[in-house]
Amino acid sequence: MSSVVLVTGAATGIGNLTARSLAAAGHTVYASMRDLRGRNAAHAGELLDLARREGQDIRVVELDVRSEASAEAAVATVLDEAGRLDTVVHNAGHLYVGYAEAFTPEDVQRLLDVNTVGIQRVNRAVLPHMRARRSGTLLYVGSTTSVVVPPFLGPYVASKSAADALAQATAYEVGQFGIETTIVMPGPFTQGTEHFPGASRAGDAERSRAYAALDAMVARNEQATEGLFPPGADAHPRAVAEEIVRVLGLPAGSRPLRTVVDFSQAGVEEVNEVMRRAQEDFVTRLGFGGLLHAKTAQA
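Residues numbered from 1 in each chain as written. Predicted model: local features only at pLDDT ≥ 70, side-chain atom pairs only at ≥ 80, totals over all residues. Heavy atoms only, no water.

Asks: Summarise the nonpolar core; cite the residues concerned and give the values.
Replies: Among the nonpolar cores identified, the biggest contains 29 residues, and Leu-6, Leu-85, Val-88, Val-126, Leu-127, Met-130 and Leu-138 are the most heavily contacted of them. The set of elements that each furnish at least two residues to this core consists of β1 (4-7), α3 (68-82), α4 (105-133), β5 (136-141), α5 (154-174) and β6 (179-186). In terms of residue count, the dominant contributor to this core is α4 (7 residues). Setting aside residues up to four positions removed in sequence, Leu-6 forms contacts with Tyr-30, Ser-32, Val-61, Leu-63, Val-75, Val-78, Leu-85, Thr-87, Val-88 and Val-89. One finds Val-7, Leu-36, Val-141 and Val-247 within the second-largest nonpolar core, a separate group that totals 28 residues. (Core = buried A, V, L, I, M, F, W, Y, C linked by side-chain atoms within 4.5 Å. Buried < 20%, exposed > 50% of the residue type's maximum accessible area, 1.4 Å probe, protein only. Helix = DSSP H or I, 4+ residues; strand = E, 2+ residues; numbered from the N terminus. Contact = heavy atoms within 4.5 Å.)

This is how it looks when you write it as structure tokens:
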């Protein structure tokens, strides 16, 4: 069944691939990005050209997750045009690479503002509509780094771990209004995205120089990551987009809380299963077991 989907951070990478894949699957896609008439004008134009060429329903909308007003305006645009919003794909994010100590508190605040607080802004914009309809899906593009913490990505891992916790806590509550949650956890990718090439560095250069003995490790980080992929693996982020399409194509009430797309074979699925059992047992013993599953019409 086709649905109306808002994808954040759809200018490039996983968000862009997801917008394209969802549109190809027949969904109405609002590909959101910031600075539509500036830095992302070409990306927006490419998506609109694709929609015209392929007869797909892709629309672009301005959305800067760092702004509450922008999130509210984007959601209002979707509702005015489409009349409903079925799914939000929380994809917008940024990467920091460097030594944890060298990131200033302001650096960390800026990253948390995008990767974590941005999710809250968008959720607050869309959830009143979904609660009123008693249906909807919040799909988060998380990260396996929240389970297997890699070196040299400290603030990024912290932001993704915080976002993951926020998504879980939100899921307990919104599930009682028929709103499902899925956290798609991509592993690392070294192609098909601007994640690593566009990463920011630590703001305190002097503190970074104090860790110069580790610079060679940082320099070969991408190479080391590629070494984790099995021979012949097509480790491309299109696999994440395909998984998102698959999940959203499942009947309401049957979507998983978590799913992993990881070519690095990090064992995250096994950790997730242990965590799931512990969480379900803990919440059930609290007497809140009913919060573990969304109350959808088909559930």
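Now that the structure has been shown, we can carry on.
Asks: Before we move on, could you go through the environment of His-236 and cite the residues and values that matter?
Replies: In this fold, His-236 is placed in the loop between α8 (221-226) and α9 (238-248). Residue His-236 is classed as buried on the basis of its relative accessible area, which comes to 12%.

Asks: Lay out the pairing of β1 in plain terms, naming residues and giving numbers.
Replies: Side-chain alternation along β1 places Val-4 and Leu-6 on one buried face and Val-5 and Val-7 on a second face that is also buried. Handedness of the crossover joining β1 and strand β2 (residues 28-33) through helix α1 (residues 13-24): right-handed. Where β1 meets strand β4 (residues 87-90), 3 bridges bridge the pair, whose relative direction is parallel. Note on β4: the bridge partner recorded for Val-5 is Thr-87. (Right-handed = clockwise from strand over helix to strand, strands pointing away. Pairing = 2+ DSSP bridges.)

Asks: Please provide a residue-by-residue account of the pairing of β5, values included.
Replies: Burial of β5 is extensive: 6 of the 6 residues sit out of reach of the surface. The alternating pattern of β5 places Gly-136, Leu-138 and Tyr-140 on one face and Thr-137, Leu-139 and Val-141 on the opposite face, and all of these are buried. Examined bridge by bridge, β4 and β5 share 4 bridges and lie parallel to one another. Bridging across to β5, Val-89 finds its partner in Leu-139. The parallel pair β4 and β5, bridged by α4, forms a crossover whose chirality is right-handed. Pairing geometry for β5 and β6, over 6 bridges, is parallel. Directly across from Leu-138, in β6, lies its bridge partner Thr-181. Assessed by its sense of winding, the connection that carries the chain from β5 through α5 to β6 is right-handed.

Take it as geometry only, folks, not as evidence of what the structure does.
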